[in-house]
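Below are the chains, spelled out letter by letter.
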Amino acid sequence: MTVWIEGATGKAGRRVVDALTAAGLPVRAASRHPGEPNGSVTPVRFDWYDETTWAPALGDADAVFLKGLDSDDQAATIITRFLGAAPAVRRVVLMSAVGVDRTSDDAPRRAVELAVQNSGKRWTILRPSWFLQNFDEDEWVFARALRETGELYAGSGESRAAFTDTRDLAGAAVAVMTEEGHDGRGYTITGPESLTFGEVAELLAKVSGRPIVHVDATPEEHRKHFEESGRPKEWVDHMLHLFKLVRAGVFAPVTHDFEHLTGKAPRTPQAYAEETWRPTNPT
Ligand SMILES: NC(=O)c1ccc[n+]([C@@H]2O[C@H](COP(=O)([O-])OP(=O)(O)OC[C@H]3O[C@@H](n4cnc5c(N)ncnc54)[C@H](OP(=O)(O)O)[C@@H]3O)[C@@H](O)[C@H]2O)c1
């Protein structure tokens, strides 16, 4: 099996590349800015908005890890066309997000799930909670403000999220990709505990030794904060929608799907913080 990985340079995709490679599978690592080949990893140029890149990027892959297109209302149409043009691909693992299966069929993320489910391929859906790696790797959501002003800027109130480590998402991807019994199933991947964003700020401050505070912004303040980043309006709208879901408690429940899939305990926020936020590892 050769696995094609979308978003292979991203917070999740990068770990999926590492985990599948460690499991001994050849990987085609797709993004618009591919790096250099390394062992069994073949980086390939791929752009959702340039169809001429699709077939050359897929090459001889017979399985794909998809993350989909986030803030594009046409994502389901594009993904249907992509999978329809890939007859050699028999297995699809889609990374969606917690709660998407409980939204209406015409919601863009749910439409992507349905596009995969109706593609005629063997499919499995992983629905992770918020990534811990957002705090140090996602420049626009949290990392820049944390670095420059010590603010964990999040209009979350006292709502909780069961933050997950992208390495655990990757471990789950390896399990469903390489073992039998996961066709037509969805799994919700979370960490082992649910924290408020205030508790995350306290944790990062304690471990890093830096002053870090949670800024519980109103939706209006949050919009202004994101608009000042210069990111596109669709992205800002998408982020505000995600924080509305945070406030509604959508990301709070802890599940045990990761243990069920891998036989391992999920990584804790404390462990992530110790590895990433200690002063010897400044972010
Ligand atoms: N962040 C979270 O907390 C969270 C939680 C649950 C689910 N998710 C889901 O995870 C996904 C995001 O994954 P991530 O955080 O790992 O992504 P990410 O870190 O934002 O990375 C995005 C990846 O997509 C590639 N990319 C961007 N535009 C592209 C295009 N037009 N064509 C092809 N590739 C493109 C980027 O590489 P290039 O720029 O080189 O193309 C990069 O590899 C979303 O769908 C989201 O719903 C995220």
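Residues numbered from 1 in each chain as written. Predicted model: local features only at pLDDT ≥ 70, side-chain atom pairs only at ≥ 80, totals over all residues. Heavy atoms only, no water.

Just checking my understanding: could you explain the overall build of the protein chain for this structure?
A tally of helices and strands in the protein chain yields twelve helices and eleven strands. Against the 2.2 N^0.38 benchmark of 19 Å for 283 residues, the protein chain shows a C-alpha radius of gyration of 19 Å, consistent with a compact globule. Taken over the C-alpha atoms alone, the protein chain extends approximately 50 × 35 × 35 Å along its principal axes. In the protein chain, which comprises 283 residues, the share counted as buried stands at 53%. In the protein chain, 72% of the contacts between residues at least 6 apart in sequence involve partners at least 24 apart. Accessible surface for the protein chain amounts to roughly 12,700 Å². Of this, 50% is attributable to carbon and sulfur atoms. The protein chain carries 32 positive and 41 negative side-chain charges, and their two centres are separated by 2 Å. (Helix = DSSP H or I, 4+ residues; strand = E, 2+ residues; numbered from the N terminus. Rg over C-alpha atoms; globule rule 2.2 N^0.38 Å. Buried < 20%, exposed > 50% of the residue type's maximum accessible area, 1.4 Å probe, protein only. Contact = heavy atoms within 4.5 Å. Areas by Shrake-Rupley, 256 points an atom, 1.4 Å probe, with all protein chains shown as cover. Lys, Arg positive; Asp, Glu negative; His and termini not counted. Charge placed at Lys NZ, Arg CZ, Asp CG, Glu CD.)

I tried to follow the sheet that holds strand E2 (residues 27–31) on my own but got confused; where do I start?
As a general point, the strands of a sheet are linked pairwise by backbone hydrogen bonds and lie either parallel or antiparallel. Within the open sheet, the seven strands sit side by side as E3-E2-E1-E4-E5-E6-E9. Their pairing is parallel. In this open sheet, the two strands that pair with only one neighbour each are strand E3 (41–45) and strand E9 (185–189). Strand-to-strand twist across the sheet, computed as the mean angle between neighbouring axes with direction ignored, equals 20°. In this sheet, strand E6 (residues 122–128) lies alongside strand E5 (residues 91–95) in parallel orientation, the contact comprising five bridges. (Pairing = 2+ DSSP bridges. Axes fitted to C-alpha atoms, helices over the stretch in contact; angles between N-to-C directions.)

Which parts of the structure should I look at to understand the domain arrangement of the protein chain?
Entries for the protein chain in the domain assignment read domain 1 (3–128) and domain 2 (130–163 + 191–251 + 267–283). Of note, the centres of domain 1 and domain 2, computed from C-alpha atoms alone, are 26 Å apart. Domain 1 puts eleven residues into the contact, and the matching count from domain 2 is eleven residues. Together, the buried faces of domain 1 and domain 2 total about 860 Å²; carbon and sulfur atoms form 61% of this surface. If you look at where domain 1 meets domain 2, you find three salt bridges. Notably, a salt bridge pairs Arg15 with Glu137, separated by 2.7 Å at the nearest N-O pair. Linking domain 1 to domain 2 there are three residue pairs in polar contact (both at pLDDT 80 or more). (Domains from an automatic or database assignment. Buried area = accessible area lost by both parts, 1.4 Å probe. Salt bridge = Lys/Arg side-chain N within 4 Å of Asp/Glu carboxyl O. Polar contact = N/O pair within 3.5 Å; in protein donor to acceptor, adjacent residues only side chain to side chain.)

How should I be thinking about the site of the ligand in this particular structure?
The environment of the ligand is made up of 24 residues, and the closest members are Thr9, Ala12, Arg32, His33 and Asn134. Between the ligand and the protein, one listed contact pairs an oxygen atom with a side-chain N or O atom of His33 at 2.8 Å. The separation between a nitrogen atom of the ligand and a polar main-chain atom of Trp48 is 3.1 Å. Of the residues that constitute the shell around the ligand, the class distribution is ten nonpolar, eight polar and six charged. Inspection of the shell around the ligand shows a minimum of three residues originating in each of domain 1 (3–128) and domain 2 (130–163 + 191–251 + 267–283). (Near = heavy atom within 4 Å. Nonpolar A, V, L, I, M, F, W, Y, C, P; charged D, E, K, R; others polar.)

Please clarify how helix H9 (residues 219–227) should be interpreted in this entry.
It helps to recall that an α-helix has 3.6 residues per turn; residues three or four apart then point in one direction. Those residues of H9 that fall on the buried side of the exposure criterion are His222, His225 and Phe226. On an axial view of H9, the arc spanned by its buried residues comes to 90°, and they lie on one face. Across from the buried face of H9, at angles greater than 90 degrees, the exposed residues are Glu220 and Lys224. Structurally, H9 contributes buried residues whose contacts are with helix H6 (139–149), strand E7 (151–153) and helix H10 (233–247). (Arc of directions from axis to C-beta.)

It is not clear to me how the packing of H9 against H10 should be interpreted in this structure. Could you clarify?
Each pair of packed helices can be described by the angle between their axes along with the distance between the axes. Two elements in contact, H9 and H10, have axes separated by 10 Å at closest approach and are oriented at 145°. For the pair H9 and H10, the sense of crossing is right-handed. Across the interface between the two elements, Pro219, His222, Arg223, Phe226 and Glu227 from H9 touch Trp235, Val236, Asp237, Met239, Leu240, Phe243 and Arg247 from H10. In terms of residue class, the contact of H9 with H10 is built from seven nonpolar, one polar and four charged. (Left-handed = near helix turned anticlockwise from the far one by under 90°.)

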